[in-house]
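These are the residues of each chain, in order.
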Amino acid sequence: MTETANARKIAFATFVRRALDDARAMRAWSGTEVSRRTGVSRQTINRWVRGDWASDPEAERVVAFCEGLGLDPAAAFTALGWDRTTGSRTAPTPPPMDPDVEALLRRLVDPNVSDAEKFHIRETIRYLAYRPTLPANVRNRGKQAG
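All figures in this text were calculated on a predicted structure; none of them were measured in a lab.

Rules behind the numbers
Residues numbered from 1 in each chain as written. Predicted model: local features only at pLDDT ≥ 70, side-chain atom pairs only at ≥ 80, totals over all residues. Heavy atoms only, no water. Helix = DSSP H or I, 4+ residues; strand = E, 2+ residues; numbered from the N terminus. Buried < 20%, exposed > 50% of the residue type's maximum accessible area, 1.4 Å probe, protein only. Contact = heavy atoms within 4.5 Å. Core = buried A, V, L, I, M, F, W, Y, C linked by side-chain atoms within 4.5 Å. Salt bridge = Lys/Arg side-chain N within 4 Å of Asp/Glu carboxyl O. Axes fitted to C-alpha atoms, helices over the stretch in contact; angles between N-to-C directions. Parallel < 35°, antiparallel > 145°, perpendicular 65-115°, else oblique. Left-handed = near helix turned anticlockwise from the far one by under 90°. Nonpolar A, V, L, I, M, F, W, Y, C, P; charged D, E, K, R; others polar. Phe/Tyr/Trp six-rings, centres within 6.5 Å; stacked < 30°, edge-to-face > 60°.

J.: Before we go on, may I ask you to explain the overall build of the chain in this structure?
T.: Counting its secondary structure elements, the chain contains nine helices and zero strands. Burial status across the chain gives 27% buried among its 146 residues. When contacts within the chain are restricted to residue pairs at least 6 apart in sequence, long-range pairs at least 24 apart make up 52% of them.

Here's what the structure looks like:
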């Protein structure tokens, strides 16, 4: 392996590691959740982190990984030494974040907040994120009763 190829692997592995660390710290996402949200398998992500790939990662997977985490794919392409214009799509502008959600995220990364409280915040968010949505006729019952 050439020094350039090895340097590219190290740079991309560093990029992926940082993206995963940020997803864990800011969003409390596990590796499985990152895989689910990006559409890139955990095995592929683990290979990227280890720099264990014989040929370059597929551009579509790199873009999917970045977009699933709200990152600009151009940063990953730069780490890989690719021309920024190759296969790059502009990442959509994320919608504005609710101030209450921002406050919760700040609490999750605040070192002064206890681990127990962070656990409860994460569990509540998970519950709300994955609870089944009620059908419209059930949601409107309360409005009709009053």
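J.: What should I look at first to understand the environment of Leu69 in this one?
T.: Its location among the elements puts Leu69 in the loop between α4 (59-68) and α5 (73-80). Leu69 sits in the buried class, given a relative accessible area of 6%. In this structure the C-alpha to C-alpha distance between Leu69 and Arg37, which are 32 residues apart in sequence, comes to 7.7 Å. If we skip the residues at most four places from it in the chain, Leu69 touches Ala19, Ala23, Arg27, Trp29, Val34 and Thr38.

J.: Where do I start with the nonpolar core in this structure?
T.: Within soluble globular proteins, side chains that are nonpolar generally end up buried alongside one another. Counting residues in each nonpolar core, the largest one holds 23 residues, and the members touching the most others are Phe12, Val16, Val62 and Phe65. Considering each element in turn, this core owes the most residues, six residues, to helix α1 (residues 3-27). Discounting chain neighbours no more than four positions away, the residues touching Val16 are Ile45, Trp48, Val49 and Phe65.

J.: Which parts of the structure should I look at to understand the pattern of salt bridges?
T.: Taken as a whole and assessed by the stated rule, the structure comprises nine salt bridges. A salt bridge links Arg8 to Asp56, with the nearest nitrogen and oxygen atoms 2.7 Å apart. Taken together, the positions of Arg8 in helix α1 and Asp56 in the loop between α3 (42-50) and α4 put the pair 48 residues apart, joining distant regions of the chain. Taking the relative accessible area as the measure of exposure, Asp56 reaches 35% and is therefore partly exposed.

J.: Teacher, can you tell me more about the packing of α4 against α5 here?
T.: In a pair of packed helices, the angle between the axes and the distance between the axes together describe the arrangement. Where α4 contacts α5, the two axes come as close as 8 Å, and the packing angle between them is 135 degrees. Taken together, the axes of α4 and α5 are oblique relative to one another. In this structure, α4 crosses over α5, and the sense of that crossing is right-handed. Only Pro73, Ala76, Phe77 and Leu80 of α5 make contact with α4, whose side of the interface consists of Ala59, Val62, Val63 and Cys66. Broken down by class, the residue content of the contact of α4 with α5 amounts to eight nonpolar, no polar and no charged.

J.: Help me understand the packing of aromatic side chains in this model?
T.: Any two aromatic rings considered together are summarised by their centre-to-centre distance and by the angle between their planes. In the structure shown here, the tally under the stated rule is five aromatic pairs. With a centroid separation of 6.2 Å and an interplanar angle of 85 degrees, the aromatic rings of Phe12 and Trp53 are classed as edge-to-face. Residue Phe12 is located in helix α1, and its partner Trp53 is located in the loop between α3 and α4; the two are separated by 41 residues in the primary sequence. Classification of Trp53 by relative accessible area gives buried; the value is 10%. Between Phe77 and Trp82, the ring centres sit 5.1 Å apart and the planes meet at 45 degrees, which makes this aromatic pair tilted.

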